[in-house]
Amino acid sequence: CRIFPETGEIARTAFRLDSMNWEDDDLPLDHRFSWQRGAMDAVVASKWTILSKWSQATYFENLIIGKPGTVSLRAEARDTLGSVSAAMTEGSVTLPEVAPSESDLLNILATMTGEGATGFTAVAAITAVAGASSVGGAAASSEFASSLVDSVAGSGILDDPTPEAISSSTSALDTILASSRGSSDDTGIGSTELPAVDIDLADKAADFVSNIAS
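Keep in mind it's a predicted model, so treat the numbers as computed, not measured.

What counts, and at which threshold
- Residues numbered from 1 in each chain as written.
- Predicted model: local features only at pLDDT ≥ 70, side-chain atom pairs only at ≥ 80, totals over all residues.
- Heavy atoms only, no water.
- Pairing = 2+ DSSP bridges.
- Helix = DSSP H or I, 4+ residues; strand = E, 2+ residues; numbered from the N terminus.
- Axes fitted to C-alpha atoms, helices over the stretch in contact; angles between N-to-C directions.
- Salt bridge = Lys/Arg side-chain N within 4 Å of Asp/Glu carboxyl O.
- Buried < 20%, exposed > 50% of the residue type's maximum accessible area, 1.4 Å probe, protein only.
- Expected span 1.5 Å × (residues − 1).
- Phe/Tyr/Trp six-rings, centres within 6.5 Å; stacked < 30°, edge-to-face > 60°.
- Lys NZ or Arg CZ within 6 Å of the ring centre and 35° of its normal.
- Contact = heavy atoms within 4.5 Å.

Focus on the sheet that holds strand E1 (residues 2-4)
Phase 1 of the analysis: Taking strand neighbours across the sheet as the criterion, the three strands line up as E1-E3-E6 in an open arrangement whose pairing is antiparallel. Looking at the sheet topology across the chains shown, the edges are occupied by E1 and strand E6 (59-63). Adjacent strand axes in the sheet meet at a mean angle of 15°, parallel and antiparallel pairs treated alike.
Phase 2 of the analysis: Strand direction decides the pairing type here: E1 and strand E3 (residues 15-18), joined by three bridges, are antiparallel. From the neighbouring strand, Arg 2 faces E3, where its bridge partner is Asp 18.

Right, dumping it as structure tokens:
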């Protein structure tokens, strides 16, 4: 697994992940990408945020990250017999000299979710922008949070019932919820409430999780 560049700024640097150098007799391989905050020696199995579904694409590009610090990235490869292997690497995300405003973040989001962006790329960008809005501890405005929730709905990912889509969309909604409270930690869909205009969307994401669990 490789990340390029290895260091960048929150919400501004577009990272690329590559799944590479696999050896397997049972080709072709499918690949899937995920990430979490923290160093590789401290990863938690339940904390991975899925960035893509299984596919033969060997890269994931235009990943932006909304919190400073070390991040762990994971590439998984699955052969035609269903055997899965994983490789990890680390990246570093730094604070810019001047923190981006909510207007700056929405402009970044518009760029990252433009023509050609997949639902997974869009939702990863939404998650990053939400996270970046609360880096200083201030709560995001209700208008900003509502715009991000609308962007999750507009990405189309809430219509995708796959586990990967559920992981990605609930992570985004969790981060929006945390940013609206000025928190740097995700709080979990269902553990508290989004602003009233957003409750239906949060419920929809929770319903997806319930459907998969059942």
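From this point, the narrative continues.
Examining the pattern of salt bridges
Phase 1 of the analysis: With the rule as written, the count across this model stands at nine salt bridges.
Phase 2 of the analysis: A salt bridge links Arg 12 to Glu 9; its shortest N-O distance comes to 3.9 Å.
Phase 3 of the analysis: In this structure Arg 12 comes out as partly exposed when scored by relative accessible area, which is 40%.
Phase 4 of the analysis: Salt bridges sharing partners connect three or more residues here, namely Arg 2, Arg 16, Asp 18 and Glu 61.

Details of helix H3 (residues 142-154)
Along an α-helix, a turn takes 3.6 residues, which lines up residues three or four apart on a common side.
Phase 1 of the analysis: Compared with the 18 Å implied by 1.5 Å per residue over 13 residues, the 18 Å span of H3 between its first and last C-alpha is a close match.
Phase 2 of the analysis: Trailing H3 by a residue or two, Gly 156 shows a phi angle of about 85°, which is positive.

Considerations on helix H2 (residues 119-133)
Phase 1 of the analysis: Between its first and last C-alpha, H2 extends 21 Å over 15 residues, near the 21 Å set by a 1.5 Å rise per residue.
Phase 2 of the analysis: Among the 15 residues that make up H2, 14 are buried, leaving the element largely enclosed by the rest of the structure.

Here we look at the packing of aromatic side chains
Phase 1 of the analysis: Tallied over the entire structure, the rule returns zero aromatic pairs.
Phase 2 of the analysis: In this structure, Arg 16 packs its charged tip against the face of Tyr 59, placed 4.3 Å from the ring centre.

Observations concerning unusual backbone geometry
Phase 1 of the analysis: With an omega of -10°, the peptide bond running from Phe 4 to Pro 5 counts as cis.
Phase 2 of the analysis: Residue placement: Pro 5 occurs in the loop between E1 and strand E2 (7-9).
Phase 3 of the analysis: Going from Leu 27 to Pro 28, the amide bond is cis rather than trans, its omega being 5°.
Phase 4 of the analysis: You can see Pro 28 is positioned in the loop between E3 and strand E4 (30-37).
Phase 5 of the analysis: With a phi angle near 65°, Ala 11 is a residue other than glycine that sits in the positive phi range.
Phase 6 of the analysis: Take Ala 11: it is sitting in the loop between E2 and E3.

So, the sheet that holds strand E7 (residues 69-78)
Phase 1 of the analysis: Ordered in space as E2-E8-E7-E4-E5, the five strands form an open sheet in which the pairing is mixed. At either end of the open sheet lies a strand with only one pairing partner, and these are E2 and strand E5 (49-50).
Phase 2 of the analysis: One ladder, built from three bridges, connects E2 with strand E8 (residues 84-94); its direction is parallel. Counted as the bridge partner of Gly 8 is Val 93 from E8.

What to know about the environment of Leu 106
Phase 1 of the analysis: With respect to the element layout, Leu 106 can be found in helix H1 (residues 102-112).
Phase 2 of the analysis: Residues contacting Leu 106, with those up to four places away along its chain left out, are Phe 144, Ser 147 and Leu 148.

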